[in-house]
Amino acid sequence: MSAFIDPVETVSPPSLTRLEALRLAVIELGGAAVSALPTVAGEVAFELTAAALITVCQSLRDDPRCAFDTLIDIAGIDYLTYGTDEWSTHQATASGFGRGVVGRDGGLSTADAKVDALTADRRFAVTYHLLSVRLNQRIRLRVYCSAGEPPMVDSIVDIWPGANWFEREAFDLFGIFFRGHPDLRRILTDYGFIGHPFRKDFPLSGHVEVRYDAAKGRVIYEPVSIEPRILVPKVIRDDVRYAPALHGTPAVSKPNV
Amino acid sequence: MSEIRNFTLNFGPQHPAAHGVLRLILEMDGEVVQKADPHIGLLHRGTEKLAESKPFNQSIGYMDRLDYVSMMCNEHAYVMSIERLLGVAVPIRAQYIRVMFDEITRILNHLMWLGAHGIDIGAMTVFLYCFREREDLMDCYEAVSGARMHATYYRPGGVYRDLPTDMPKYQPSKFRTKKEIDRLNEARSGSLLDFIQDFTDRFPRCVDEYETLLTDNRIWKQRTVNIGIVTPERAKALSMTGPVLRGSGVLWDLRKHQPYEVYDQMDFDIPIGVNGDCYDRYLVRVEEMRQSNRIIRQCIEWLRKNPGPVMLDDHKIVPPRRVDMKGDMESLIHHFKLMTEGYSVPAGEVYAAVEAPKGEFGVWLVSDGANKPYRLKARAPGFAHLAAMDEMVRGHMLADVVAVIGTLDIVFGEIDR
C-alpha cells in the first residue's frame, strides 16, 4: 500500500537567499565558463561555453549544493529572426511612421540593435532545464552550438540518461548534432523527412504535401500548394507597464551578446 | 541444430492497447522482450511552431489539444508562463477556480487512464464505471466554457468567465421518460458549484467501487505486481515526474513543493509507492483521485463565500466587456487592438510548470518583445516516460508491454505535440 507523508515534512520552495546561494555555487563551479542570464524573479539561468558543457553538467549533478538529479527538458532554439518584426510599412510616408512601436529607449526599435548582434555562430542554442528533487531547486542552462552546418554540441546522455529522446528531438527539429549521442535518429517527423522544421527559415506550411493519386493508385508527395502568408504580423512593442525588472541586467535581454 | 535468432515484432501504430498512434518495434526472444524501440511522431502537428505564428491568446486552444485528456492543466502552464513574463497577478477567485478545475481535470485524466488501463489488462467493467463519472465532469467543463473537452477557459489574467449559476439540463425526448429526466436533472437544478458538490459527495464511493473491482483482484495483481519496476534513483535519472516518480517512492509533487496559485492553502496528502511497479502506480493514482476530491471540496467552500472578479481589470491584456464597448471609445480601441494584434509580452524567457495529472507539464516561453511567442517549448511528461519504456519492458513478456504502456499513462497529443 502507498505510504503517506505528512505535508509538514516537505521541503519549502526555494527562497531568495537559497537562489543566491545556488548562483554563487554555480559561478564557483563553472568559473569563466558560466555567465548569469537575465531571468524573471525566482529563476536561475546561466549561459555555458560549449567546451565546458560536460564538466559543468557533471559537477551540477554531483555537487551537494546543486544536486541536479533530474533533467527536465532540453529545447533547441533558432535565433535567426530574434527581434525582427514583420511590419513592412515602416516607410509608408515620406516621414515614415512607426506604427506605435516607439520604445522607451528614445524611439529606436530595440529590434535593430538585436539584429546587429546576430552572427552565424550565435544562431542555434540548446537550453537545458534541470531540477533537483533533493534540494527543490531549478536551473536553466543555455549553450550556443558551434558555427557552421550542422551546428554541434556535446551530448549529455552519459550524465542524465533521460536526455536521450530530448536530444533526438532537438536534432530532428533543429538539425543540431549532439556529439556522442548513442542513437541520434529523427523522432517526431515522418520517415524520410527532409529538413528541420522548427528552424526559422523553414516555412510554416512546409515544403511537401501528400495526397492519394487515383491514377497511380498510391499516396504521392508533391510541392505544397499553400501560399505562405502572415495572418497577424509580428510587431514588437516595448510597453513599459509590462517590463518587469529582469534580475540584475537591462530590461531588454539580448540573447546574442 | 538450427540457429535460433531473435525476431522483430511490429506493434501498432493502430493498436487498441497502444493508447493512440504508438508504433513499437519489439525485438523478441520467444515471448520475452529484448529491446523495444518506440516510434513516435505520428501525431506530430508542430504545435510549438504554430504558436510562433500566432498572437499569444490564439494558442491557448492548441494547448488543450496537447494532452487531450487533461486539457485545462496544459492551458494552465501556458497562461502561467505568459503571466509571469508580463509580471501580472491573477485575482484570487480566478486562482481558486483554476485549482478546482485543475483537480477536476486530474480526476478526468485518472478516470480515463484507469478505464483504459483496465481494459488493456482485461477488466472491462471498470471502464464503464469510469466513463459514467467522466460524463459528469465533462458537464462541468461544458457548463463553464461551452466545450466538453477543449475548453480554452484559462486566459492570461484569470479565467474567461465566472462560474455559471445554473447548469444545462436534460431535455425531454422520446427515448427518456419524464421520471428519468427528472432524476437526471435533480443534481443540475442548482448552480455549477452545487453540481460539483454533489459529485464530490458521490465520488469517494465510486472510487471504492473501482477499488473493489481491482485492488484485491487476483488477475489484476498478477498482471501488475512486479511489472515494470523503476527504482527511485533510476526514475529521477530518466526524467520521470508525477505519479510515475511517486510510484517509485520519491516524494515530489509540484503542488506541494513549488506551489502555484493557491495550492499552498489546500489541505491534501501526497501518496507515494514503495516498489515502483505497475501496481504501486495504480494505487498512487487511485489515491490521487481521492485527494483531488478533497481539494475540490475546499475550493467549493471558498468559492461559495468569496465572490469577486475572475479576470484582471487591465484592458491592455484582457479584452473589455462587450457592453462597455458600446458606449466607450477607449474600450472599443482596446478591443480592436487586442483582437487584431494582441498584446506584446516583454522580452525575456520563463519556464512555468504545473503538476499535470501525468507529471510535470512545463512551458518554456521565449519572447523578443513581440505579440507572438518567439519560441515555445512544451515539456510533456509522457515524452520522458515513453523514452524510458525500453528499459522498463526489457526482460518482460509481450503481454506486460501492454501493462507498462498503460501504467505510463501515454497520450500522444502531448508526446508528439
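(A) Structural detail: the side chain of A:Gln137. You can see A:Gln137 is positioned in strand E6 (residues 137-144). Excluding residues within four positions of it along the chain, A:Gln137 makes contact with A:Arg18, A:Leu22, A:Arg65, A:Cys66, A:Phe68, A:Leu130, A:Leu131, A:Ser132 and B:Gln258.

(B) How the structure looks around the domain arrangement of chain A. Residue and element names in this part refer to chain A. Per the domain assignment, the segments making up chain A are domain 1 (18-79 + 122-188) and domain 2 (192-257). Between domain 1 and domain 2, the contact holds 19 residues from the first and 16 residues from the second. Considering only the surface of domain 1 that becomes buried against domain 2, Pro-38, Leu-173 and Arg-186 emerge as the three largest contributors, covering 34% of it. Joining domain 1 to domain 2, the criterion identifies two salt bridges. A salt bridge links Glu-149 to Arg-199, with the shortest nitrogen-to-oxygen separation between them at 2.8 Å. Counting every contact that joins domain 1 to domain 2 gives ten residue pairs in polar contact (both at pLDDT 80 or more).

(C) A look at the interface of chain B and chain A. Across the contact, 78 residues belong to chain B and 75 residues belong to chain A. The interface formed by chain B and chain A contains ten salt bridges. Here A:Arg185 and B:Asp37 are joined by a salt bridge, their closest N and O atoms 3.0 Å apart. Along the contact surface separating chain B from chain A lie 29 residue pairs in polar contact (both at pLDDT 80 or more).

(D) Representation of unusual backbone geometry in the model. Residues and elements named next belong to chain B. Of note, Asn-226 is a non-glycine position whose phi angle comes to about 65 degrees, a positive value. The backbone of Arg-417 sits at a positive phi, close to 55 degrees, despite the residue not being glycine. Locating Arg-417 in the fold gives a position in the segment after helix H18 (412-416).

Here is what the cut-offs are and how they apply
- Residues numbered from 1 in each chain as written.
- Chains lettered and ligands numbered in written order.
- Predicted model: local features only at pLDDT ≥ 70, side-chain atom pairs only at ≥ 80, totals over all residues.
- Heavy atoms only, no water.
- Helix = DSSP H or I, 4+ residues; strand = E, 2+ residues; numbered from the N terminus.
- Contact = heavy atoms within 4.5 Å.
- Domains from an automatic or database assignment.
- Buried area = accessible area lost by both parts, 1.4 Å probe.
- Salt bridge = Lys/Arg side-chain N within 4 Å of Asp/Glu carboxyl O.
- Polar contact = N/O pair within 3.5 Å; in protein donor to acceptor, adjacent residues only side chain to side chain.

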